[in-house]
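If you want the building blocks of each chain, they are given just below.
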Amino acid sequence: TGVPLAIPVTYYSSHHYGEQWTYGFWAVGLRPRDTFYVAFNWGTFAGFWSAYWGVRRLGATVHSGGGLTTEQRLRQILEWKPTVLLATPTYALAMAEKARELGIDLAGSSIRVTYHAGEPGGNVPTTRRAIEEAWGAKTYELYGIAEVGAIAPGCPLQTGVHLAEDQSYATVVNPETGRPVDEGEVGENLVTSYIQFAQPVIKYRTHDLVRPIRRRCQCGRTWILYEGGVLGRTDHMIIIKG
(Lines give C-alpha, C1' and ligand atoms only; values in the text may rest on other atoms or scores of the structure.)
Protein backbone atom coordinates (compact mmCIF):
# COMPACT_ATOMS: atom_id res chain seq x y z
CA THR A 1 0.00 0.00 0.00
CA GLY A 2 1.54 3.31 -1.05
CA VAL A 3 5.19 3.97 -1.75
CA PRO A 4 7.52 1.09 -0.77
CA LEU A 5 9.55 1.83 2.36
CA ALA A 6 13.30 1.71 2.77
CA ILE A 7 13.89 -0.21 6.00
CA PRO A 8 17.11 0.38 7.95
CA VAL A 9 18.02 -2.40 10.39
CA THR A 10 20.72 -2.06 13.02
CA TYR A 11 23.05 -4.91 13.95
CA TYR A 12 21.26 -5.02 17.32
CA SER A 13 17.86 -5.31 15.67
CA SER A 14 19.03 -8.01 13.26
CA HIS A 15 19.96 -10.22 16.22
CA HIS A 16 16.48 -9.79 17.66
CA TYR A 17 14.76 -10.32 14.30
CA GLY A 18 16.62 -13.63 14.22
CA GLU A 19 15.72 -14.45 17.80
CA GLN A 20 12.03 -14.20 16.95
CA TRP A 21 12.53 -16.96 14.38
CA THR A 22 14.36 -19.15 16.90
CA TYR A 23 11.30 -19.17 19.18
CA GLY A 24 9.41 -20.92 16.40
CA PHE A 25 12.31 -23.15 15.34
CA TRP A 26 12.92 -24.44 18.87
CA ALA A 27 9.20 -24.98 19.53
CA VAL A 28 8.89 -27.45 16.64
CA GLY A 29 11.98 -29.41 17.63
CA LEU A 30 14.65 -27.80 15.43
CA ARG A 31 18.09 -27.70 17.00
CA PRO A 32 21.67 -26.56 16.17
CA ARG A 33 22.32 -29.96 14.56
CA ASP A 34 19.75 -29.20 11.83
CA THR A 35 20.66 -27.87 8.40
CA PHE A 36 18.49 -25.25 6.68
CA TYR A 37 18.15 -24.83 2.92
CA VAL A 38 17.19 -21.23 2.07
CA ALA A 39 15.40 -21.12 -1.31
CA PHE A 40 15.76 -17.35 -1.65
CA ASN A 41 17.60 -15.00 -4.03
CA TRP A 42 19.02 -12.68 -1.34
CA GLY A 43 17.52 -9.55 -2.86
CA THR A 44 16.01 -6.59 -1.01
CA PHE A 45 13.04 -8.59 0.34
CA ALA A 46 13.71 -8.63 4.08
CA GLY A 47 11.78 -11.75 5.06
CA PHE A 48 14.36 -14.47 4.61
CA TRP A 49 17.28 -12.29 5.63
CA SER A 50 15.70 -12.36 9.08
CA ALA A 51 15.24 -16.14 8.75
CA TYR A 52 18.97 -16.41 7.98
CA TRP A 53 19.71 -14.38 11.11
CA GLY A 54 17.48 -16.82 13.00
CA VAL A 55 19.35 -19.87 11.76
CA ARG A 56 22.65 -18.25 12.71
CA ARG A 57 21.28 -17.39 16.15
CA LEU A 58 20.09 -20.98 16.59
CA GLY A 59 23.62 -22.13 15.73
CA ALA A 60 22.50 -24.33 12.84
CA THR A 61 23.94 -24.70 9.33
CA VAL A 62 22.75 -22.64 6.35
CA HIS A 63 22.72 -23.88 2.77
CA SER A 64 22.01 -21.05 0.32
CA GLY A 65 20.01 -21.56 -2.85
CA GLY A 66 20.53 -17.97 -3.95
CA GLY A 67 20.76 -17.24 -7.68
CA LEU A 68 19.88 -20.78 -8.79
CA THR A 69 17.04 -22.19 -10.84
CA THR A 70 14.37 -24.31 -9.19
CA GLU A 71 15.86 -27.47 -10.72
CA GLN A 72 19.33 -26.60 -9.40
CA ARG A 73 17.90 -26.03 -5.93
CA LEU A 74 16.15 -29.39 -6.00
CA ARG A 75 19.39 -31.08 -7.05
CA GLN A 76 21.25 -29.37 -4.21
CA ILE A 77 18.67 -30.56 -1.69
CA LEU A 78 19.17 -34.13 -2.88
CA GLU A 79 22.95 -33.76 -2.72
CA TRP A 80 23.38 -31.79 0.53
CA LYS A 81 20.49 -33.42 2.46
CA PRO A 82 19.28 -30.44 4.55
CA THR A 83 16.56 -31.13 7.12
CA VAL A 84 14.63 -27.83 6.84
CA LEU A 85 13.35 -25.86 3.85
CA LEU A 86 12.90 -22.08 4.18
CA ALA A 87 10.75 -20.63 1.38
CA THR A 88 7.50 -18.85 0.68
CA PRO A 89 4.63 -21.35 0.66
CA THR A 90 3.82 -20.77 -2.99
CA TYR A 91 7.46 -21.36 -3.94
CA ALA A 92 7.50 -24.59 -1.94
CA LEU A 93 4.55 -25.70 -4.07
CA ALA A 94 6.31 -24.53 -7.24
CA MET A 95 9.34 -26.61 -6.25
CA ALA A 96 7.04 -29.60 -5.76
CA GLU A 97 5.56 -29.12 -9.25
CA LYS A 98 9.06 -28.99 -10.76
CA ALA A 99 10.08 -32.08 -8.81
CA ARG A 100 7.15 -34.00 -10.28
CA GLU A 101 8.23 -32.93 -13.77
CA LEU A 102 11.75 -34.20 -13.07
CA GLY A 103 10.60 -37.42 -11.43
CA ILE A 104 12.07 -36.44 -8.04
CA ASP A 105 10.44 -37.94 -4.95
CA LEU A 106 10.46 -35.00 -2.53
CA ALA A 107 8.56 -36.96 0.11
CA GLY A 108 11.55 -39.28 0.27
CA SER A 109 14.09 -36.47 0.62
CA SER A 110 15.92 -35.40 3.79
CA ILE A 111 13.55 -32.45 4.43
CA ARG A 112 11.48 -33.07 7.57
CA VAL A 113 10.23 -29.51 8.23
CA THR A 114 9.22 -26.72 5.84
CA TYR A 115 9.05 -23.27 7.39
CA HIS A 116 7.44 -20.36 5.56
CA ALA A 117 7.00 -16.59 5.60
CA GLY A 118 6.31 -13.75 3.18
CA GLU A 119 2.67 -14.67 2.55
CA PRO A 120 -0.10 -16.71 4.21
CA GLY A 121 -0.02 -20.43 3.50
CA GLY A 122 1.42 -22.44 6.36
CA ASN A 123 -1.75 -21.85 8.36
CA VAL A 124 -4.17 -22.23 5.45
CA PRO A 125 -5.30 -25.86 5.86
CA THR A 126 -5.51 -26.73 2.14
CA THR A 127 -2.17 -25.09 1.34
CA ARG A 128 -0.45 -26.65 4.35
CA ARG A 129 -1.81 -30.08 3.43
CA ALA A 130 -0.58 -29.72 -0.16
CA ILE A 131 2.93 -28.76 1.01
CA GLU A 132 3.10 -31.51 3.63
CA GLU A 133 1.96 -34.18 1.18
CA ALA A 134 4.40 -33.03 -1.51
CA TRP A 135 7.43 -32.78 0.80
CA GLY A 136 6.56 -35.51 3.32
CA ALA A 137 7.31 -32.98 6.06
CA LYS A 138 5.60 -30.90 8.74
CA THR A 139 4.79 -27.34 7.67
CA TYR A 140 4.90 -24.19 9.81
CA GLU A 141 4.93 -20.46 9.19
CA LEU A 142 6.07 -17.20 10.72
CA TYR A 143 4.16 -13.94 10.41
CA GLY A 144 6.66 -11.14 9.92
CA ILE A 145 6.56 -7.47 8.95
CA ALA A 146 9.82 -6.18 7.55
CA GLU A 147 9.35 -2.73 9.09
CA VAL A 148 8.69 -4.19 12.55
CA GLY A 149 10.28 -7.62 12.84
CA ALA A 150 9.65 -11.35 12.53
CA ILE A 151 6.97 -10.70 15.07
CA ALA A 152 4.96 -13.92 15.31
CA PRO A 153 6.55 -17.39 15.10
CA GLY A 154 4.28 -20.33 14.40
CA CYS A 155 2.44 -22.29 17.06
CA PRO A 156 3.80 -25.86 17.20
CA LEU A 157 0.18 -27.11 17.13
CA GLN A 158 -0.28 -25.41 13.72
CA THR A 159 -3.24 -23.38 14.98
CA GLY A 160 -1.76 -19.98 14.12
CA VAL A 161 1.15 -17.78 15.18
CA HIS A 162 2.14 -16.36 18.58
CA LEU A 163 3.15 -12.70 18.92
CA ALA A 164 6.65 -12.46 20.41
CA GLU A 165 5.50 -10.16 23.20
CA ASP A 166 8.96 -9.69 24.71
CA GLN A 167 9.90 -7.72 21.58
CA SER A 168 6.65 -6.15 20.38
CA TYR A 169 3.25 -4.98 21.53
CA ALA A 170 0.06 -5.22 19.48
CA THR A 171 -3.50 -3.94 19.57
CA VAL A 172 -6.10 -5.42 17.23
CA VAL A 173 -8.71 -2.85 16.21
CA ASN A 174 -11.75 -2.43 14.04
CA PRO A 175 -10.20 -0.87 10.90
CA GLU A 176 -13.15 1.52 10.48
CA THR A 177 -13.61 2.74 14.07
CA GLY A 178 -10.10 2.20 15.47
CA ARG A 179 -11.56 0.60 18.61
CA PRO A 180 -10.04 -2.62 19.99
CA VAL A 181 -11.92 -5.77 19.02
CA ASP A 182 -13.09 -8.39 21.51
CA GLU A 183 -11.49 -11.78 22.07
CA GLY A 184 -11.81 -13.92 18.96
CA GLU A 185 -13.00 -11.10 16.69
CA VAL A 186 -11.16 -10.23 13.48
CA GLY A 187 -9.50 -6.82 13.28
CA GLU A 188 -6.47 -4.95 11.95
CA ASN A 189 -3.15 -5.62 13.66
CA LEU A 190 -1.44 -2.47 15.05
CA VAL A 191 2.11 -3.13 16.22
CA THR A 192 4.71 -1.29 18.30
CA SER A 193 8.27 -2.62 18.18
CA TYR A 194 10.61 -2.71 21.18
CA ILE A 195 13.64 -3.57 19.03
CA GLN A 196 13.50 -1.49 15.84
CA PHE A 197 15.68 1.46 16.85
CA ALA A 198 16.93 2.58 13.41
CA GLN A 199 13.33 3.25 12.35
CA PRO A 200 11.06 3.49 15.42
CA VAL A 201 7.68 1.83 14.86
CA ILE A 202 4.81 2.89 17.12
CA LYS A 203 1.21 1.73 16.58
CA TYR A 204 2.08 0.77 13.03
CA ARG A 205 -0.93 0.02 10.82
CA THR A 206 -0.09 -3.29 9.18
CA HIS A 207 -3.34 -3.63 7.15
CA ASP A 208 -3.25 -7.31 8.22
CA LEU A 209 -6.46 -8.88 9.53
CA VAL A 210 -5.99 -11.24 12.49
CA ARG A 211 -8.10 -12.97 15.16
CA PRO A 212 -6.45 -12.53 18.60
CA ILE A 213 -6.81 -15.23 21.27
CA ARG A 214 -5.34 -14.12 24.60
CA ARG A 215 -6.03 -17.15 26.77
CA ARG A 216 -3.30 -19.71 27.38
CA CYS A 217 -2.70 -21.83 24.29
CA GLN A 218 -2.82 -25.63 24.44
CA CYS A 219 0.86 -25.58 23.41
CA GLY A 220 1.60 -23.90 26.76
CA ARG A 221 2.33 -20.39 25.48
CA THR A 222 0.73 -17.34 27.06
CA TRP A 223 1.62 -14.98 24.20
CA ILE A 224 -1.28 -13.77 22.06
CA LEU A 225 -2.28 -16.32 19.44
CA TYR A 226 -3.33 -15.03 16.04
CA GLU A 227 -5.61 -17.92 15.24
CA GLY A 228 -5.15 -19.06 11.65
CA GLY A 229 -2.32 -16.56 11.03
CA VAL A 230 -3.08 -13.60 8.78
CA LEU A 231 -6.67 -13.92 7.55
CA GLY A 232 -6.76 -11.10 5.00
CA ARG A 233 -5.96 -7.47 4.29
CA THR A 234 -7.80 -4.18 4.76
CA ASP A 235 -6.41 -2.77 1.52
CA HIS A 236 -7.24 -3.91 -1.98
CA MET A 237 -5.29 -6.95 -3.17
CA ILE A 238 -5.67 -9.53 -5.89
CA ILE A 239 -4.39 -12.95 -4.85
CA ILE A 240 -2.94 -15.08 -7.67
CA LYS A 241 -1.96 -18.69 -6.90
CA GLY A 242 -1.70 -18.14 -3.17
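Residues numbered from 1 in each chain as written. Predicted model: local features only at pLDDT ≥ 70, side-chain atom pairs only at ≥ 80, totals over all residues. Heavy atoms only, no water.

A. Structural view of the overall build of the protein. Broken down by element type, the protein carries 5 helices and 14 strands. Against the 2.2 N^0.38 benchmark of 18 Å for 242 residues, the protein shows a C-alpha radius of gyration of 17 Å, consistent with a compact globule. C-alpha atoms of the protein, sized along the principal axes, occupy 55 × 40 × 35 Å. Looking at the protein as a whole, 47% of its 242 residues are labelled buried. A fraction of 68% describes how many contacts in the protein between residues 6 or more apart in sequence connect residues 24 or more apart. (Helix = DSSP H or I, 4+ residues; strand = E, 2+ residues; numbered from the N terminus. Rg over C-alpha atoms; globule rule 2.2 N^0.38 Å. Buried < 20%, exposed > 50% of the residue type's maximum accessible area, 1.4 Å probe, protein only. Contact = heavy atoms within 4.5 Å.)

B. Expanded view of the pairing of strand β5 (residues 138-141). Sheet analysis places strand β4 (residues 113-116) next to β5, joined by 4 bridges and oriented parallel. Pairing of H116 across the sheet is with E141, part of β5. Handedness of the crossover joining β4 and β5 through helix α5 (residues 125-135) is recorded here as right-handed. (Pairing = 2+ DSSP bridges. Right-handed = clockwise from strand over helix to strand, strands pointing away.)

C. Structural view of the sheet that holds strand β14 (residues 232-233). Overall, antiparallel pairing links the 4 strands, which are arranged β9-β10-β11-β14 in an open sheet. Both outer strands of the open sheet, β9 (168-173) and β14, are each paired with one neighbouring strand and no more.

D. Inspection of the side chain of Q167 at higher detail. Relative to the assigned elements, Q167 resides in the loop between β8 (160-162) and β9. Within the structure, the side chain of Q167 is placed 3.0 Å from the side chain of Q20, a separation counted as a polar contact. Dropping the residues within four chain positions of it, Q167 is found in contact with H16, E19, Q20, Y23, S193, Y194 and I195. (Polar contact = N/O pair within 3.5 Å; in protein donor to acceptor, adjacent residues only side chain to side chain.)

E. Broad picture of empty space enclosed by the protein. Under the criterion given, the structure shown has 2 cavities of 30 Å³ or more. In terms of lining, the largest cavity is formed by Y23, G24, A27, P153, G154, C155, H162, R221 and W223. Residue contributions to the lining of the largest cavity peak at 3 residues, all from helix α1 (residues 11-27). Considering only residue class, the lining of the largest cavity consists of 5 nonpolar, 3 polar and 1 charged. In this structure, the second largest cavity occupies an estimated 30 Å³ of space. Around the second largest cavity, the lining residues are G122, N123, R128, T139, Y140, E141, G154, C155, Q158 and G160. In terms of residues, the lining of the second largest cavity owes the most to one element, β5, which gives 3 residues. A class-by-class count of the residues in the lining of the second largest cavity yields 2 nonpolar, 6 polar and 2 charged. (1 Å grid on protein atoms, 1.4 Å probe; cavity = no way out; pocket = protein on both sides within 12 Å on 5 of 7 lines; lining within 4 Å. Points joined across faces, edges and corners; volume = space filled by probe spheres on them. Nonpolar A, V, L, I, M, F, W, Y, C, P; charged D, E, K, R; others polar.)

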